[in-house]
Amino acid sequence: MLELLHRPWPWYVTGPLLGLVAAALLVIGNKPFGVSSNFRHLCAAVFPRNVAFFKYDWTQSGLWNLVFAGGIVVGGFIGGVLLANPEPVAITARAHADLAGLGLHDFTGLVPHQLFHWGALLTLKGVLLILGGGFLIGFGTAYAGGCTSGHGITGLADLQLPSLIATVAFFAAGALASHFLLPLLISG
Amino acid sequence: MTTAAPSTPAAAARERLLPAYLAAGVLFGIVLTKGELTSWFRIQEALRFDGLYLYEVFASALVVAMPLFRLLERRRVRSLTGELIAVPPKALGRGRRYVFGGAIFGLAWGVAGACPGPLFALLGAGVGVIAVMILGAMAGTWVYGYLRPTLPH
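Computed from a predicted structure; not experimentally measured.

Conventions adopted
- Residues numbered from 1 in each chain as written.
- Chains lettered and ligands numbered in written order.
- Predicted model: local features only at pLDDT ≥ 70, side-chain atom pairs only at ≥ 80, totals over all residues.
- Heavy atoms only, no water.
- Salt bridge = Lys/Arg side-chain N within 4 Å of Asp/Glu carboxyl O.
- Buried < 20%, exposed > 50% of the residue type's maximum accessible area, 1.4 Å probe, protein only.
- Patch = residues over 30% accessible without salt bridge, like charges linked within 9 Å, V, L, I, M, F, W, Y side chains within 5 Å.
- Areas by Shrake-Rupley, 256 points an atom, 1.4 Å probe, with all protein chains shown as cover.
- Helix = DSSP H or I, 4+ residues; strand = E, 2+ residues; numbered from the N terminus.
- Contact = heavy atoms within 4.5 Å.
- Buried area = accessible area lost by both parts, 1.4 Å probe.
- Polar contact = N/O pair within 3.5 Å; in protein donor to acceptor, adjacent residues only side chain to side chain.
- Nonpolar A, V, L, I, M, F, W, Y, C, P; charged D, E, K, R; others polar.
- 1 Å grid on protein atoms, 1.4 Å probe; cavity = no way out; pocket = protein on both sides within 12 Å on 5 of 7 lines; lining within 4 Å.
- Points joined across faces, edges and corners; volume = space filled by probe spheres on them.
- Axes fitted to C-alpha atoms, helices over the stretch in contact; angles between N-to-C directions.
- Parallel < 35°, antiparallel > 145°, perpendicular 65-115°, else oblique.
- Left-handed = near helix turned anticlockwise from the far one by under 90°.
- Phe/Tyr/Trp six-rings, centres within 6.5 Å; stacked < 30°, edge-to-face > 60°.
- Domains from an automatic or database assignment.
- Arc of directions from axis to C-beta.

So, on to the pattern of salt bridges. Enumeration according to the criterion identifies five salt bridges over all chains in this entry. Salt-bridge contacts for R7(A) lead to E3(A); the nearest nitrogen and oxygen are separated by 2.9 Å. Classification of E3(A) as exposed rests on a relative accessible area of 53%. A single network of salt bridges, built from pairs that share partners, joins E36(B), R42(B) and E45(B).

This is the structure:
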């Protein structure tokens, strides 16, 4: 039984539960499921300065979402620490060979230790990946008005054209980056 | 412990529901980690077209969410706050923000292998350096807000 709890979930459990979370937020308080708005709420709370984009009452429109994000952190602890899968993620043999071919040798954990560790911040590549990557995630999702949750699930489930455009854009750019930028970051 | 009473009935309703949002977030965080959507390896597998897992997750999430959203809206169901449930529409405009913003986010997603939801889950899963990435995302959001009047939308 305990072993069962540590096992990863198949797609047909994971996907439907994501859909249920999105529907639950509508039922609770008519809130659209989305996570990237939290970066905006955090900016509005911490450092709004005189920027119009951050001059709104975040306690009224954003508190629910910040609480939701706090829940994600707790859930990450439950699923990623208490119920952690002791095995490396079971990606396909093809993915394994592909990434090994790029020079990746450690497949344990949720993120490759080779790329994501505190010491990496002392290297240019590490700063580009971790700080630069975070910057573009924040900039891009704010610009697009949503991320994989808000556009990829909520917007698509509501058949909204803007969300389809954004989702195609981030999958296309993601594939390009994985094929052409990632090799530069891993090698050397 | 005494806390200041909320000033309006609407504010009181909002605060009463905060535990429900927290619970939904906890569930989402567990789904993200147990479903391996926090795994950099899973994201690379999908974006390098080496496996179907992420696509199966997305497709099945939509297969569940789409009819549920329709049902909630068509049946004019009210949320626990008494509002008629409606997913707010995103304005299409000239659509450029979705192309450019989506592409910029995608570029980072393709190497960093994490989107906003998983960033918060990874923090909880004990990957401390992700905190720097979240600070980076706040900085990126701030710069977007600052440049917003000058950017094509």
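Residues L161(A), L164(A), V168(A) and L92(B) make up a contiguous nonpolar surface patch of about 340 Å² in total accessible area. Tracing the backbone through its elements, the reader meets L92(B) in the loop between helix 3 (53-74) and helix 4 (96-112). Here L92(B) falls in the partly exposed class, since its relative accessible area comes to 36%.

The next thing to look at is the interface of chain A and chain B. The partner chain B presents 110 residues to the 128 residues of chain A that form the contact. Summing both sides of the interface, chain A and chain B together bury roughly 10,600 Å²; the carbon and sulfur share of this comes to 78%. Of all residues in chain A, I28(A), L110(A) and Y143(A) give up the largest surface area on contact with chain B, accounting jointly for 8% of the area buried on that side. At the boundary of chain A with chain B, the tally comes to two salt bridges. Residue R48(B) pairs with D98(A) through a salt bridge whose shortest N-O separation is 3.0 Å. Remark: the boundary between chain A and chain B carries 33 residue pairs in polar contact (both at pLDDT 80 or more). When grouped by side-chain class, the residues that make up the side of chain A that touches chain B number 83 nonpolar, 37 polar and eight charged.

Another point: empty space enclosed by the protein. The full count for this structure, using the stated rule, is one cavity of 30 Å³ or more. Looking at the largest cavity, its volume works out to about 150 Å³. Taken together, 15 residues line the largest cavity, and the ones lying closest to its centre are T148(A), L32(B), L37(B), F58(B) and C115(B). Elements with a contribution of two residues or more to the lining of the largest cavity: helix 1 (9-34) and helix 3 of chain B.

As a packed pair, helix 5 (residues 63-82) of chain A and helix 5 (residues 116-124) of chain B sit with axes 6 Å apart at the nearest point and diverge in direction by 55°. Judged on the interaxial angle alone, helix 5 of chain B and helix 5 of chain A are oblique. For the pair helix 5 of chain A and helix 5 of chain B, the sense of crossing is right-handed. In this structure, helix 5 of chain A contributes A69(A), I72(A), V73(A), G76(A), F77(A) and V81(A) to the contact, and helix 5 of chain B contributes G117(B), F120(B), A121(B) and G124(B). Looking at side-chain class alone, the contact of helix 5 of chain A with helix 5 of chain B contains seven nonpolar, three polar and no charged residues.

Next up on the list: the packing of aromatic side chains. For any two aromatic rings, the description comes down to two numbers: the centre-to-centre distance and the angle of the planes. Residue and element names in this part refer to chain A. Scanning the entire structure with this criterion turns up 25 aromatic pairs over all chains. Seen in terms of ring centroids, F33 and F68 are 6.2 Å apart; in terms of plane orientation they differ by 90°. Their pairing is edge-to-face. Taken together, the residues F33 in the loop between helix 2 (11-29) and helix 3 (37-46) and F68 in helix 5 connect sequence positions 35 residues apart. Summarising the burial analysis for this pair, F33 and F68 share the class buried.

Residues and elements named next belong to chain B. The domain architecture assigned to chain B consists of domain 1 (7-89) and domain 2 (92-153). A separation of 19 Å is found between the C-alpha centroids of domain 1 and domain 2. Listed by partner, the interface residues are eleven residues for domain 1 and nine residues for domain 2. Here domain 1 packs against domain 2, burying approximately 750 Å² in sum over the two surfaces, 72% of which is carbon and sulfur. Taken together, domain 1 and domain 2 are joined by zero salt bridges. Those elements that provide at least two residues to the side of domain 1 that touches domain 2 are helix 1 and helix 2 (40-47). Residue composition of the side of domain 1 that touches domain 2, grouped by class: seven nonpolar, four polar and no charged.

Within the span of helix 6 (residues 93-102) of chain A, buried status applies to A95(A), L99(A) and L102(A). Viewed along the axis of helix 6 of chain A, the buried residues span an arc of 50°, placing them on a single side of the element. Turned more than 90 degrees away from the buried face of helix 6 of chain A, the exposed residues are A93(A), R94(A), A97(A) and G101(A). On its buried face, helix 6 of chain A sits against helix 9 (161-186) of chain A together with helix 2 of chain B.

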